[in-house]
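Survey of secondary and tertiary structure
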Amino acid sequence: MYKSLLFDLDDTILDYTGDEKRAIIKVLSGHGMTVDEDIFQLYYSIDDWQIFKMGSITTNSIISDHFRRMLKYLEVSEENIAKWGDEFYEVMVGSHRLKYGARKVLEYLNSKGYRMYIACNGQSEFQRKRIEDSEIGKYFNGIFISEEMDLRKPAKAYTDYIMARIPESNRK
């Protein structure tokens, strides 16, 4: 029987995609732009996460730079691209909605004595603030964020690093 469980944070516990959409709407509509499904399709067609996994983009820039790349496609001025990218990042840092039922699942698993860990990619400051603001940190025995480990998920070294730090990972 499993005693420990690893959870990804984004789109498993926290509604990262929903938070992104709300941030896009907030920033663009706040500057008078109309936001429709084409905007979301453009945003999600820019595949920075694959580039990030290969190591060509840093965690410090991926969130705001992804949004800025979309703004370039929309032919927003360079001055506004920088400002709006910063606004987008700030909205995202403050976003921490849980996926439907996530808190109940965490409470249930915690009550059954499971040791739970977060294993996620991303910028440490960003992820830790979202964990704190969503008040889910209390359910976890450890949090592993790729930036803090200087490793990228899904690399084997990333998993090896985590397993070496979970005391019960070698037990059945």
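In what follows, the accompanying structure is described. Bear in mind the structure is a predicted one, so any value in this text is a computation, not a measurement. (Residues numbered from 1 in each chain as written. Predicted model: local features only at pLDDT ≥ 70, side-chain atom pairs only at ≥ 80, totals over all residues. Heavy atoms only, no water.)

**Observations concerning the environment of aspartate 15**
Our working definition: Only DSSP runs of H or I reaching four residues or more are called helices, and only runs of E reaching two or more are called strands; each is numbered from the N terminus. Each residue gets one of three labels from its accessible area relative to the maximum for its type: buried under 20%, exposed over 50%, partly exposed in between, using a 1.4 Å probe on protein chains only. What makes two residues a contact is simply this: any of their non-hydrogen atoms within 4.5 Å. Nitrogen and oxygen atoms within 3.5 Å of one another constitute a polar contact, given that in protein one can donate a hydrogen and the other can accept it, and given that sequence-neighbouring residues count only through two side-chain atoms.
Its location among the elements puts aspartate 15 in the loop between β1 (4–7) and α1 (16–30). Accessibility expressed as a relative area gives 17% for aspartate 15, which makes it buried. Counting along the chain gives 81 residues from aspartate 15 to histidine 96, while the straight-line C-alpha distance between them is 7.2 Å. Ignoring any residue separated from it by four or fewer positions in sequence, one finds aspartate 15 in contact with Arg22, Arg97, Leu98 and Lys99. A polar contact is formed between the side chain of aspartate 15 and the backbone nitrogen of glycine 18, at a distance of 3.0 Å.

**As for the nonpolar core**
Put simply, the rule reads: Buried Ala, Val, Leu, Ile, Met, Phe, Trp, Tyr and Cys residues form a nonpolar core when they are joined through side-chain atoms within 4.5 Å.
Counting residues in each nonpolar core, the largest one holds 22 residues, and the members touching the most others are Ile24, Leu28, Phe67, Met70, Leu71 and Phe88. Elements with a contribution of two residues or more to this core: α1, α2 (37–45), α4 (62–73) and α5 (78–93). When residues in this core are grouped by element, the largest group, 6 residues, is from α5. Beyond its immediate chain neighbours, meaning those up to four positions away, phenylalanine 67 contacts Ile24, Val27, Leu28, Tyr43, Trp84, Gly85 and Phe88. Counting residues in each nonpolar core, the second largest holds 15 residues, with Ile13, Leu14, Cys120 and Phe140 among its members.

**Observations concerning the packing of aromatic side chains**
Here is the rule: Between rings of Phe, Tyr and Trp, where Trp is taken as its six-membered ring, a pair exists when centres lie within 6.5 Å; planes separated by under 30 degrees are stacked, by over 60 edge-to-face, and by other angles tilted. To sit over a ring, a charge needs its Lys NZ or Arg CZ within 6 Å of the ring centre and within 35 degrees of the ring normal.
Here the structure, examined in full by the defined rule, presents 7 aromatic pairs. Between the aromatic rings of tyrosine 16 and phenylalanine 126, the centroid separation amounts to 6.4 Å while the plane-to-plane angle is 80 degrees, which identifies the pairing as edge-to-face. With a gap of 110 residues between them, tyrosine 16 in helix α1 and phenylalanine 126 in helix α7 (residues 124–134) connect regions that are remote in the sequence. Here tyrosine 16 and phenylalanine 126 have matching classes, each one buried. Ring geometry for tyrosine 43 versus tyrosine 44: centroids 5.0 Å apart, planes at 90 degrees, classification edge-to-face. For tyrosine 44, a relative accessible area of 34% corresponds to the partly exposed category. Members of the aromatic cluster, each reached through a chain of ring pairs, are Tyr43, Tyr44, Phe67 and Phe88. When the ring centre of tyrosine 161 is taken as origin, the NZ or CZ atom of arginine 165, which lies over that ring, is 3.5 Å away.

**As for the sheet that holds strand β2 (residues 115–120)**
Our working rule: A strand pair is defined by DSSP finding two or more bridges across the two strands. All axes here are fitted lines through C-alpha atoms, helices being fitted over the stretch that makes contact, and every angle between N-to-C directions spans 0 to 180 degrees.
Here 3 strands make up an open sheet; going across it, the order is β1-β2-β3 and the pairing parallel. The sheet is open, and its two borders are formed by β1 and β3 (142–145), each paired with just one other strand. Each strand of the sheet is rotated relative to its neighbour by a mean of 20 degrees, with strand direction disregarded. Summarising the sheet, β1 and β2 pair through 4 bridges and their orientation is parallel.

**With respect to the pattern of salt bridges**
Rules: Criterion for a salt bridge: a side-chain nitrogen of Lys or Arg within 4 Å of a carboxyl oxygen of Asp or Glu.
One pass over the full model with this rule turns up 9 salt bridges. When the shortest N-O distance is used, the salt bridge between arginine 22 and aspartate 15 registers 3.5 Å. Overall, the relative accessible area of 31% leaves arginine 22 in the partly exposed class. With its nearest N and O atoms 3.2 Å apart, the salt bridge here joins arginine 68 to aspartate 65. In this pair, arginine 68 and aspartate 65 both sit in helix α4, 3 residues apart, roughly one turn of the helix. On the accessibility criterion, aspartate 65 (22% relative accessible area) is partly exposed. Several salt bridges share partner residues, and in doing so they unite Asp10, Asp15, Asp19, Arg22 and Arg130 into one network.

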